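Reading the structure
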Amino acid sequence: QKEVEQNSGPLSVPEGAIASLNCTYSDRVSQSFFWYRQYSGKSPELIMSIYSNGDKEDGRFTAQLNKASQYVSLLIRDSQPSDSATYLCAVNVNSGGSNYKLTFGKGTLLTVNP
Amino acid sequence: NAGVTQTPKFQVLKTGQSMTLQCAQDMNHNSMYWYRQDPGMGLRLIYYSASEGTTDKGEVPNGYNVSRLNKREFSLRLESAAPSQTSVYFCASSEDFRDTEAFFGQGTRLTVV
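Residues numbered from 1 in each chain as written. Chains lettered and ligands numbered in written order. Predicted model: local features only at pLDDT ≥ 70, side-chain atom pairs only at ≥ 80, totals over all residues. Heavy atoms only, no water.

With that out of the way, let us pick up the pattern of salt bridges. Residue and element names in this part refer to chain B. Under the counting rule described, the total for this entry stands at six salt bridges over all chains. Here Glu-79 ties to Arg-77 by a salt bridge, and the two come within 3.2 Å at their closest N and O atoms. What makes Glu-79 partly exposed here is its relative accessible area of 42%. Residue classification places Arg-77 among the partly exposed positions, given a relative accessible area of 29%. Taken together, the shared-partner salt bridges connect Arg-36, Asp-38 and Arg-44 into one network. (Salt bridge = Lys/Arg side-chain N within 4 Å of Asp/Glu carboxyl O. Buried < 20%, exposed > 50% of the residue type's maximum accessible area, 1.4 Å probe, protein only.)

What follows is the structure, encoded as structure tokens:
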């Protein structure tokens, strides 16, 4: 099992809809979880971080974390065409002892259709 | 405030040539990373430096070496470039390696012919 897995998509939603992006991870001791957005030809930029079970909301974005199920998700409400990008899930995975490495999923390409 | 700066932005190498990718951050971050990104493969960790003076292998270290020159700078060296190393390379930094978000440079697009 890969350390961080995402639905590869692509995911297509109409403008104004809710886009739901999912991610699972294998390391039970992971404590830090991130969602990055990457536009084509650009570098990844952080949009959400979450550390505790439950929901965390920031504007139109909501991150959800369930450590028991080893699952993290990102909901985008009222999706806009400008949200069209690749969304990357990242997890700090233990690499032995007290060492951690920031590990990414392959990303989900989201297209929001006007 | 520049954040994370990578040089060069674009590079074409011939097979067997060597080169060093430079990365510098001005956020006083402790941890720095080198990733490569290939179509359909996501971001794969090459090497990382949890703190000044330490470096560790990531998922795909073969063919690469790194140097954490000081707290600000983390370089990636290709000793003998191969076509399989054609990729987009990203440098990133974070306050620490355990639980803080990473900030990325603008990337280096490398082609090996």
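We are not done yet, so read on.
The next subject is the environment of Ser-8 of chain A. Residue and element names in this part refer to chain A. One can find Ser-8 in the loop between β1 (4–6) and β2 (11–14). Separated by 82 residues in the primary sequence, Ser-8 and Ala-90 have C-alpha atoms spaced 14 Å apart. Once residues lying within four places of it in the same chain are set aside, the contact partners of Ser-8 are Gly-107, Thr-108 and Leu-109. (Helix = DSSP H or I, 4+ residues; strand = E, 2+ residues; numbered from the N terminus. Contact = heavy atoms within 4.5 Å.)

Contacts between chain B and chain A engage 19 residues on the former and 20 residues on the latter. Summing both sides of the interface, chain B and chain A together bury roughly 1,700 Å²; the carbon and sulfur share of this comes to 53%. Among the residues chain B hides against chain A, the three largest losses belong to Leu-43, Phe-97 and Arg-98 of chain B. Together they make up 27% of the total. In this assembly, chain B and chain A are joined by zero salt bridges. One can count four residue pairs in polar contact (both at pLDDT 80 or more) joining chain B with chain A. Taken together, the elements giving at least two residues each to the side of chain B that touches chain A come down to β4 (31–38), β5 (42–49) and β10 (102–104) of chain B. Of all the elements, β5 of chain B adds the most residues to the side of chain B that touches chain A, at four residues. Across the side of chain B that touches chain A, the residue classes break down as ten nonpolar, six polar and three charged. (Buried area = accessible area lost by both parts, 1.4 Å probe. Polar contact = N/O pair within 3.5 Å; in protein donor to acceptor, adjacent residues only side chain to side chain. Nonpolar A, V, L, I, M, F, W, Y, C, P; charged D, E, K, R; others polar.)

For the rest of this paragraph, the subject is the sheet that holds strand β7 (residues 64–68) of chain B. Residues and elements named next belong to chain B. Within the open sheet, the four strands sit side by side as β1-β3-β8-β7. Their pairing is antiparallel. Whereas interior strands pair on both sides, the edge strands pair on one side only; in this sheet they are β1 (4–7) and β7. Between one strand axis and the next, the sheet turns by 15° as a mean value, whatever way the strands run. Alignment of β7 against strand β8 (residues 74–78), held across five bridges, turns out to be antiparallel. Among the inter-strand pairings, Asn-65 is bridged to a residue of β8, identified as Arg-77. (Pairing = 2+ DSSP bridges. Axes fitted to C-alpha atoms, helices over the stretch in contact; angles between N-to-C directions.)

All names here are of chain A. Inspection of the entire model under this criterion finds two disulfides over all chains. At a sulfur-sulfur separation of 2.0 Å, the disulfide partner of Cys-23 is Cys-89. Its S-S torsion of approximately -70° makes the covalent link between Cys-23 and Cys-89 left-handed. With Cys-23 in strand β3 (residues 19–25) and Cys-89 in strand β9 (residues 85–96), the pair connects residues that are 66 residues apart, well separated along the chain. (Disulfide = S-S within 2.5 Å.)

Bringing the nonpolar core into the picture now. Membership of the largest hydrophobic core comes to 24 residues, with the highest contact counts inside it found for Trp-35, Val-72, Leu-74, Ile-76 and Tyr-87 of chain A. Listed by contribution, the elements that provide at least two residues to this core are β3, β4 (33–38), β5 (45–50), β7 (61–66), β8 (71–76), β9 and β11 (108–113) of chain A. Excluding its chain neighbours within four sequence positions, the residues that come into contact with Ile-76 of chain A are Ala-17, Ile-18, Ala-19, Leu-21, Arg-60, Phe-61, Asp-83, Tyr-87 and Leu-110 of chain A. Among the nonpolar cores identified, the runner-up in size contains 20 residues, and Tyr-47, Leu-76, Tyr-89 and Leu-110 of chain B belong to it. (Core = buried A, V, L, I, M, F, W, Y, C linked by side-chain atoms within 4.5 Å.)

Residues and elements named next belong to chain B. Residue position: Ser-49 is located in strand β5. Residue Ser-49 is classed as buried on the basis of its relative accessible area, which comes to 0%. Separated by 3.0 Å, the side chain of Ser-49 and the backbone oxygen of Ser-51 make a polar contact. Within the structure, Ser-49 has its side chain in polar contact with the side chain of Arg-68 (distance 2.7 Å).

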